[in-house]
Amino acid sequence: MIFQPSDIDWDVAELFKNSAQSYFIHQSIQTIIDQVTALVKPSDVIVVMSNGGFQNIHTRLLEVL
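Just so it is clear, the model here is predicted, and its values are computed rather than measured.

(A) Looking closely at the nonpolar core. Counting residues in hydrophobic clusters, the biggest one holds eight residues: Phe3, Ile29, Ile32, Ile33, Val36, Phe54, Ile57 and Leu61. At the level of elements, helix H1 (29-39) and helix H2 (57-64) are the ones that each hand at least two residues to this core. Setting aside anything within four residues of it in sequence, one finds isoleucine 29 in contact with Phe3, Phe54, Gln55, Ile57 and Arg60.

See below:
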């Protein structure tokens, strides 16, 4: 799952257009959290990578999981 903030003027999906892996582009952190919690299974490992605060997604995910 990839976050595309509304304040950037380029298409994040362009970076992944040739990817062999599936991906989802989201414009909302809450949508990412909702999708992760809907898809995660007990043995899954979730990796969150960001270059900033990412709207506190780490804590928010832990709270709902």
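(B) Highlighting the packing of aromatic side chains. On inspection of all chains with the given rule, the structure shows two aromatic pairs. Taken together, a centroid distance of 5.6 Å and an interplanar angle of 50° make the contact between phenylalanine 3 and phenylalanine 54 tilted. Here phenylalanine 3, found in strand E1 (residues 2-3), pairs with phenylalanine 54, found in the loop between H1 and H2; they are 51 residues apart in sequence, far enough to count as distant. With a centroid separation of 5.5 Å and 40° between ring planes, the pair formed by phenylalanine 16 and tyrosine 23 is classed as tilted. A relative accessible area of 28% places phenylalanine 16 in the partly exposed class. A relative accessible area of 31% means that tyrosine 23 is categorised as partly exposed.

(C) Geometry of the side chain of glutamine 35. For glutamine 35, the position within the fold is in helix H1. Ignoring anything within four residues of it in the chain, the contact list for glutamine 35 reads Met1, Phe24 and His26.

(D) The side chain of glutamine 4, seen in detail. Of note, glutamine 4 is situated in the loop between E1 and strand E2 (25-26). Residue classification places glutamine 4 among the buried positions, given a relative accessible area of 11%. At 2.9 Å, the side chain of glutamine 4 forms a polar contact with the backbone oxygen of tryptophan 10. Dropping the residues within four chain positions of it, glutamine 4 is found in contact with Trp10, Asp11, Val12, Ala13, Ile25, His26 and Gln27.

(E) How the structure looks around the environment of valine 12. Following the sequence through the fold, valine 12 ends up in the loop between E1 and E2. Owing to a relative accessible area of 5%, valine 12 belongs among the buried residues under this scheme. Counting along the chain gives 43 residues from valine 12 to glutamine 55, while the straight-line C-alpha distance between them is 18 Å. Beyond its immediate stretch of four places on either side in the chain, valine 12 contacts Ile2, Phe3, Gln4 and Ile25.

About the cut-offs
Position numbers for residues count from 1 along each chain, tracking the sequence in the order it is written. Local features in this predicted model are restricted to residues of pLDDT 70 or higher, and side-chain atom pairs are both shown and tallied only at a pLDDT of 80 or more, whereas totals for entire chains, interfaces and linings draw on every residue. Hydrogens and waters are ignored; side-chain quantities use all the structure's heavy atoms. Nine residue types can take part in a nonpolar core, namely buried Ala, Val, Leu, Ile, Met, Phe, Trp, Tyr and Cys, and a core is a set of them joined through side-chain atoms within 4.5 Å. Each residue gets one of three labels from its accessible area relative to the maximum for its type: buried under 20%, exposed over 50%, partly exposed in between, using a 1.4 Å probe on protein chains only. Helix and strand assignments come from DSSP, with helices taken as H or I runs of at least 4 residues and strands as E runs of at least 2, each series counted from the N terminus. For this analysis, residues touch if any pair of their heavy atoms sits within 4.5 Å. Whether two aromatic rings pair depends on their centres lying within 6.5 Å, for rings of Phe, Tyr and Trp, where Trp uses its six-membered ring; planes under 30 degrees apart make the pair stacked, over 60 edge-to-face, and the rest tilted. Pairs of N or O atoms are called polar contacts if they sit within 3.5 Å, as long as, within protein, a hydrogen donor faces a hydrogen acceptor (for residues adjacent in sequence, only side-chain-to-side-chain pairs).

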